[in-house]
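Structural overview for review
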Amino acid sequence: MTRALATVRALWASTHPGPALVVTVLALALGVSAGLDAWRIALLTVAVFAGQVSIGLSNDAIDAGRDRAVGRTDKPLARGDVSLHTAWAVAAASVAAALLLSAPLGAGLLAAQAVTIASAWLYNAPLKATPFSIVPFLVSFGLLPSLATLSAAEPVLAAPWASAAGASLGAAVHLANVLPDLDDDQRTGIRGLPHRIGARWSGALAGVGIIGGAVAVRLGPARDAVPIVSWVFFAAVVGVAVVAVGCAWARRPGRIVFRLVMGAALLLAVQLVATGGSLTA
């Protein structure tokens, strides 16, 4: 039993649990904002979570060799706490679970979920080391609002402003996520877009991306009036983004900028719910 628990813990730590939970919360908030029935919100949230588990596990499984080469003792797969075979098996099972859970919500959601996961997996393997490393984040996060609207009884794609907000957030997440690992990545041949533009510009542009998402959420939805609480969260998101830009420009950015971006993403989710209005208009 102890060994099984240790394996579960190692697998969970290999899923990039922080970002996985943030994206799951975003999916939940989008479901609420889209006015979905409770059972649809629950199914969507669990399906997105399963997809995130597969994405995180596949990332660490692919990177295990590079992580060992640079001495990443914080990575369970690099340490050998769990086998790569087990990690790949759970990642594959998680993809299957994500798609099976999506199917009852309709063919549109199933197709969008498949594209979202495939895009993220493409980042993990061929695109991470190229100038196009940001593209999967634009695609997957840009589709995130549509995962909610396509889960409705009458499925439709999300409005352009919602997709733009998602893509802006995705760009910010990518640019901030790699900051703590820039040196290790370059030692192992990873040269994605953030590596090419440098740590300062990556951190600063991550903050700009967060602000872009907040502006889209603030100005996009069609509604008669904007609740005061929406302005409060808009100001909070912009404030956190400004701090992130300041941290990136004042000194070499690292994990602090990524944590600020993740925090801003959660505030953005609350801002979306508080703003009201339809995700499809």
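Residues numbered from 1 in each chain as written. Predicted model: local features only at pLDDT ≥ 70, side-chain atom pairs only at ≥ 80, totals over all residues. Heavy atoms only, no water.

The next thing to look at is the overall build of the chain. In terms of helices and strands, the chain carries 13 helices and 0 strands. Secondary structure elements of the chain occur, N-terminal to C-terminal, as α-α-α-α-α-α-α-α-α-α-α-α-α. Along the first, second and third principal axes, the C-alpha set of the chain runs to 55 × 45 × 35 Å. Here the chain holds 281 residues, and the buried ones make up 50% of them. For the chain, the share of sequence-separated contacts (at least 6 apart) that also reach a separation of at least 24 residues comes to 77%. Surface exposure of the chain reaches about 11900 Å², of which carbon and sulfur atoms provide 70%. When the 19 basic and 12 acidic side-chain charges of the chain are each reduced to a single mean position, those positions are 5 Å apart. (Helix = DSSP H or I, 4+ residues; strand = E, 2+ residues; numbered from the N terminus. Buried < 20%, exposed > 50% of the residue type's maximum accessible area, 1.4 Å probe, protein only. Contact = heavy atoms within 4.5 Å. Areas by Shrake-Rupley, 256 points an atom, 1.4 Å probe, with all protein chains shown as cover. Lys, Arg positive; Asp, Glu negative; His and termini not counted. Charge placed at Lys NZ, Arg CZ, Asp CG, Glu CD.)

Moving on, we come to the side chain of Ser133. Tracing the chain through its elements places Ser133 in the loop between helix H6 (107–127) and helix H7 (135–149). A distance of 2.9 Å separates a polar atom in the side chain of Ser133 from a polar atom in the side chain of His174. (Polar contact = N/O pair within 3.5 Å; in protein donor to acceptor, adjacent residues only side chain to side chain.)

Moving on to the packing of aromatic side chains. Given two aromatic rings, one states the distance between the centres and the angle between the planes to describe the pair. For the structure shown, the criterion picks out 5 aromatic pairs. Ring centres of Trp88 and Trp121 lie 5.9 Å apart, and the angle between their planes is 50°; on these two criteria the pair is classed as tilted. Here Trp88 is found in helix H5 (residues 84–102), whereas its partner Trp121 is found in helix H6, with 33 residues between them in sequence. With a relative accessible area of 26%, Trp121 lands in the partly exposed category. Pairing Tyr123 with Phe137 gives two aromatic rings, centres 4.9 Å apart and planes at 80°, and the pair type is edge-to-face. Note that Tyr123 is positioned in helix H6 and Phe137 in helix H7, a separation of 14 residues in sequence. For Tyr123, a relative accessible area of 7% puts it in the buried group. We classify Phe137 as buried; its relative accessible area is 14%. (Phe/Tyr/Trp six-rings, centres within 6.5 Å; stacked < 30°, edge-to-face > 60°.)

Next up on the list: the pattern of salt bridges. In total, this model carries 5 salt bridges according to the counting rule given. With its nearest N and O atoms 2.8 Å apart, the salt bridge here joins Asp74 to Arg72. Overall, Asp74 belongs to the partly exposed group, its relative accessible area being 46%. Residue Arg72 is classed as buried on the basis of its relative accessible area of 13%. When the shortest N-O distance is used, the salt bridge between Arg79 and Asp81 registers 2.4 Å. We classify Arg79 as partly exposed; its relative accessible area is 42%. Linked through salt bridges whose partners overlap, the residues forming this network are Asp63, Arg66 and Lys128. (Salt bridge = Lys/Arg side-chain N within 4 Å of Asp/Glu carboxyl O.)

Counting residues in hydrophobic clusters, the biggest one holds 58 residues, and the most contacted among them are Leu44, Leu169, Ile210, Val257 and Val261. With 10 residues, helix H13 (residues 255–275) is the largest single contributor of residues to this core. Setting aside chain neighbours within four positions, we find Ile210 in contact with Leu169, Ala172, Val237, Ala241, Val261, Ala264 and Ala265. Leu11, Val53, Leu77 and Ala91 belong to the second largest nonpolar core, which has 10 residues in total. (Core = buried A, V, L, I, M, F, W, Y, C linked by side-chain atoms within 4.5 Å.)

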